Each structure stands twice: as C-alpha cells, then as structure tokens.
Amino acid sequence: MAGRLIYLDHNATTPVDPRVLAAMLPYFTDDFGNAASRQHRPGRLAAEAVEHARRRVAAALGADPREIVWTSGATEANNLAIQGVAASAVYARRRTIVTVRTEHRAVLDPCAAMARAGYRVLYQPVDRGGRLDLERLVRELDDDTLLVSAMWANNETGVLHPIAEIGRLCKERGILFHTDATQAFGREPIDVERAGIDLLSLSGHKIHGPKGVGALYVRRKGPRVRCEPLLHGGGHERGLRSGTLNVPGIVGLGQASEIAVAHLHDERRRLAALRHRLEHELLAALAGASVNGVRDHRLANTLNLSIPGVEAEALMARMPDLAVSSSAACSSATRLPSYVLRAMGVGDAQIRGSLRFSLGRTTSAEEIERAIAILLDACAGTVETVAPRSSRRAAPTADGRSTPPSAAE
Ligand code: PMP
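Keep in mind that this is a model prediction, so the values were computed, not measured.

*Asks:* I'd like to hear about empty space enclosed by the protein, residue by residue, with values.
*Replies:* Space left empty within the atom packing is revealed by a probe, the size of a water molecule, rolled over the atoms. A full pass over the atoms with the stated rule returns two cavities of 30 Å³ or more. Roughly 50 Å³ of volume is contained in the largest cavity. If you trace the largest cavity, you find it lined by Thr-102, Gly-130, Met-151, Asn-154, Thr-157, Val-159, His-161 and Met-344. Of the residues that constitute the lining of the largest cavity, the class distribution is three nonpolar, five polar and no charged.

Given below as structure tokens:
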C-alpha cells in the first residue's frame, strides 16, 4: 500500500501555495478580461492585476516595474535574453558569448543555437566544488564579448556563483551580464543593482507559483539593454513579447514572489537546518557517501549526495514514498549521466549513485526523519551502513503509522 509521499524534489517543481491559487482563481472566471482590452472594465481589471504583479516581481528584484517582461517561464526568458540581445544591431560588433558548462540546458541550448549562427561561445569550466574560476573568466573577456551568462544557483547541486563579482567584472568592461536565477529567485536575496545584472530569468513554478509563467528582467538604465523580440505579434510587453497575457499565471507569480521574499530569511534558516540534519545523518550512516558541490556556497534547500555502490534509479524504485531526483528532472528524459556533475569531475560511478534532495515550504522536520529512515532502509544490504539499523527506525508519522517497509533486499 502506498504511504504518504515525502516530496523532496522542489528544484524540479513546487506545489502551488493555496494563497497563490486563491489569488489566481478569480482571473479564470469572473475577472477573465484580456489585459490588452483597456476600453472596458474587465480588460482594465485584468491590466491592473498584471501591473500589480509586475510591481511585486520588480520589488522582489530591486527593479523598476518597466524592466519586467512576462514570459512562459525561465526557458523562454533565457532564450529571449541570449538571442534577443544578439539580434540587436547595437551590439552587432560583438560576437562572443561566455557561459558555464554547468548551466541549465535552457541556457546551453540557446548558446549552441548562437554558435550555429556564427557566434563564438566560450564554456567556462568549474572545479570539483562546482565553482567558477574568476581569474580565468576575466582572461576570456575582451572587446568582442557581447554577453556573459552565468546562473545564480545550480539546479542539481545548489552551488551559488559569485554573481556580484561577475556583474562587476562585466560592468567594468561594458559587457552585458545575464543570470538564470530560476533556482535562486525567492530563495536567495536578489538586488539587480547591487549585483550589476543586466538581464535575469525567473520562473513561477519553483517558488510555489504556477507552471508556464516566468519573467525576464531587462535593465532600462545604466546602461539601457537593447533586446529584440523572439515572438512577433500584437506588440504586447513593450513589443518585447507578443501574445495575450496569461493573467491568472502572472497574478500567481506576483503573489508567489511576494510570499517568498517576505519569508526568505526565516525560510532559508529553517531549510538549512533541515538540510543539515539530512546531510549529517546520511553522511554518518552511509560509508563513503559524499556531497557534490561546495558545501558553504549552496542554496539552503539542496543536497546532492553520491552513495557508493548504488544505482540511484534502482534505489529510487525501492523508495516509492520518497520523491527525490537522480539528476536534473528537466534533462532526465535524455537518460544521460549528469553533465553538471561530469563538468565538476565527478566519476561516472559516483554520478550513477547520486541523488538530489531539494526541500521546500511544505517540508517538515518529521518528513526529514522519515526520509532518512526510508533511504537507509533502501540502502541496507547494498551499501555499507555505519550505524546499526535498529537505531534508525522510521519515526512515527503524524497519524501514528510508521514508514511502510520498503522493497529493499
Ligand atoms: N533554468 C534552471 C536553472 C532551471 O532549474 C529550470 C527548471 N528546471 C529552468 C531554467 C527552466 O525553467 P522553466 O521550467 O520555467 O522553463
């Protein structure tokens, strides 16, 4: 019988917060207007809701509302940032894009498209901890560099790049700086001014908002960033992104970002403590297990763990009540070993034995205890466990039941 699911895959997606859903619902039915139809009340109501959400998302970034462009998610925002600036005649002289090997496919693939279009794309390596070498990065930057694209936080390991330092290096050289902040938005404090960011991508569904909605921040002053649209049509979003706006989704993203930012510091502290407990217990119990990614520069919610002697996929099949990820959910369709861990120099066997745990708003201390017990049960017999298993029985659940035994052994 299936037990209560423990969801530790918040870097893949998150459940919509009930407050977000409540804010969205009227815009599907009673307030269904088209935000571009300002001649009548339903249209104006929709437009006001969209502008309210725009102010909320802008405030979360320290930006001006006019700098926010709604998109269908971070994938589109990344494409618009990279391909949009390259298409601008203002930057036509510059033909090099610098990015990092551990970026999400939603950055790497538009960069590859630019390479096919004749741009020079330089992929920066990372060290064993997933960190960028800033001195090397500086050496790559020159008068030909159009754009640097470096993610704020990595989706597989949680590793944080030194965004403000990269921003400063770019600014000093008149180079545009784009950051894919999909995993960091709402989890780490973001100030586009302080960090010297010109373009920033974010998504609703990683912050307990809806799927299929996101935004691109495009700097308007100091300098004004020139970006050409990918979609041509009705000229919505100041001509940068045509298409009737997803009003309920945008309202949801605005509400979700306000909630996330209001509780950011408390939530970060809470999740760091839960992640510490999970990491500490698993490292202590599983001989030879190791953390992928530098431990003191990570998102508070993420743990990427390699367990020797296990196949993550097989292990997950033995833990039906624990939702974790064996590599980035977005790329697991390809069934290729994680290129992120590979770029960090992690060996193939360790990659095959790696699990990503990502915690979120709904994660409780009790769930973490149960997750530890489920994982150690599933590993028993496969992995050398350090502590006697009898001391690690599943904690009783709120409804008095214990974790059901897994199909291990
Ligand atoms: N960038 C990163 C770092 C991500 O984690 C994701 C989501 N997996 C994306 C981009 C794509 O976001 P979306 O699903 O909104 O297109």
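What follows picks up the thread again.
*Asks:* Describe the packing of aromatic side chains, listing the residues and the values that go with them.
*Replies:* Taken as a whole and judged by the stated rule, the model has zero aromatic pairs. In this structure, Arg-95 packs its charged tip against the face of Tyr-119, placed 4.2 Å from the ring centre. If you follow Arg-105 out to its NZ or CZ, it ends over the ring of Tyr-339, 5.1 Å from the centre.

*Asks:* Can you break down the sheet that holds strand β10 (residues 302-306) residue by residue, with the values?
*Replies:* Ordered in space as β9-β10-β12, the three strands form an open sheet in which the pairing is antiparallel. The sheet is open, and its two borders are formed by β9 (290-291) and β12 (354-358), each paired with just one other strand. Here β10 pairs with β12 via five bridges, running antiparallel. Looking at the pairing, Thr-302 lines up with Ser-358 of β12. Seen against the sheet, helix α8 (residues 264-285) touches β9, β10 and β12 and runs at an angle of roughly 10° to β10.

*Asks:* Which residues make up the sheet that holds strand β3 (residues 96-100), and what values do they have?
*Replies:* Spatial strand order, β2-β8-β7-β6-β5-β3-β4: seven strands in an open sheet with mixed pairing. Only two strands of the sheet have a single neighbouring strand rather than two, namely β2 (68-71) and β4 (120-124). Strand-to-strand twist in this sheet, taken as the mean axis angle between neighbours without regard to direction, amounts to 20°. Both β3 and strand β5 (residues 145-149) contribute to a ladder of three bridges, which runs parallel. Residue pairing for β5: Ile-97 is matched across the bridge by Leu-147. Each of β3, β4, β5 and β6 (176-180) touches helix α4 (residues 105-116); the most contacted strand, β3, lies at about 155° to it.

*Asks:* Break down the state of the cysteines for me, with residues and values.
*Replies:* Each disulfide consists of one covalent bond between the sulfur atoms belonging to two cysteines. Evaluation of the coordinates by the stated rule reveals zero disulfides. A disulfide-free cysteine, Cys-227 has its sulfur positioned 14 Å from the sulfur of Cys-111, the nearest such atom. Since its relative accessible area comes to 13%, Cys-227 is described here as buried.

*Asks:* Go over the nonpolar core, please, and point to the residues and values.
*Replies:* Ranked by size, the top nonpolar core spans 62 residues in total, and within it Leu-61, Trp-70, Trp-152, Ile-166, Ile-197 and Leu-200 carry the most contacts. A total of nine residues in this core trace back to one element, the largest contributor, which is helix α2 (residues 41-61). The next biggest cluster of nonpolar side chains, apart from the first, holds 31 residues, and it includes Leu-355, Ile-368, Ile-372 and Leu-376.

*Asks:* Which residues make up the environment of Ile-368, and what are the values?
*Replies:* Among the structural elements, Ile-368 can be located in helix α12 (residues 365-379). The exposure class of Ile-368 is buried, given its relative accessible area of 0%. In sequence terms Ile-368 and Leu-278 are 90 residues apart; their C-alpha atoms lie 6.4 Å from each other.

*Asks:* Go over the packing of α8 against α12 with me, naming the residues and quoting the values.
*Replies:* Taken N-terminus to C-terminus, the directions of α8 and α12 make an angle of 20°; their axes are 10 Å apart at the nearest point. Classified by the angle their axes make, α8 and α12 are roughly parallel. For α8 against α12, the interelement crossing comes out right-handed. Contacts from Leu-274, Arg-277, Leu-278, Glu-281, Leu-282 and Ala-285 in α8 reach Ala-365, Ile-368, Glu-369, Ile-372, Leu-375 and Leu-376 in α12. Residue classes in the contact of α8 with α12 are distributed as nine nonpolar, no polar and three charged.

Conventions used here
Residues numbered from 1 in each chain as written. Predicted model: local features only at pLDDT ≥ 70, side-chain atom pairs only at ≥ 80, totals over all residues. Heavy atoms only, no water. 1 Å grid on protein atoms, 1.4 Å probe; cavity = no way out; pocket = protein on both sides within 12 Å on 5 of 7 lines; lining within 4 Å. Points joined across faces, edges and corners; volume = space filled by probe spheres on them. Nonpolar A, V, L, I, M, F, W, Y, C, P; charged D, E, K, R; others polar. Phe/Tyr/Trp six-rings, centres within 6.5 Å; stacked < 30°, edge-to-face > 60°. Lys NZ or Arg CZ within 6 Å of the ring centre and 35° of its normal. Pairing = 2+ DSSP bridges. Helix = DSSP H or I, 4+ residues; strand = E, 2+ residues; numbered from the N terminus. Contact = heavy atoms within 4.5 Å. Axes fitted to C-alpha atoms, helices over the stretch in contact; angles between N-to-C directions. Disulfide = S-S within 2.5 Å. Buried < 20%, exposed > 50% of the residue type's maximum accessible area, 1.4 Å probe, protein only. Core = buried A, V, L, I, M, F, W, Y, C linked by side-chain atoms within 4.5 Å. Parallel < 35°, antiparallel > 145°, perpendicular 65-115°, else oblique. Left-handed = near helix turned anticlockwise from the far one by under 90°.

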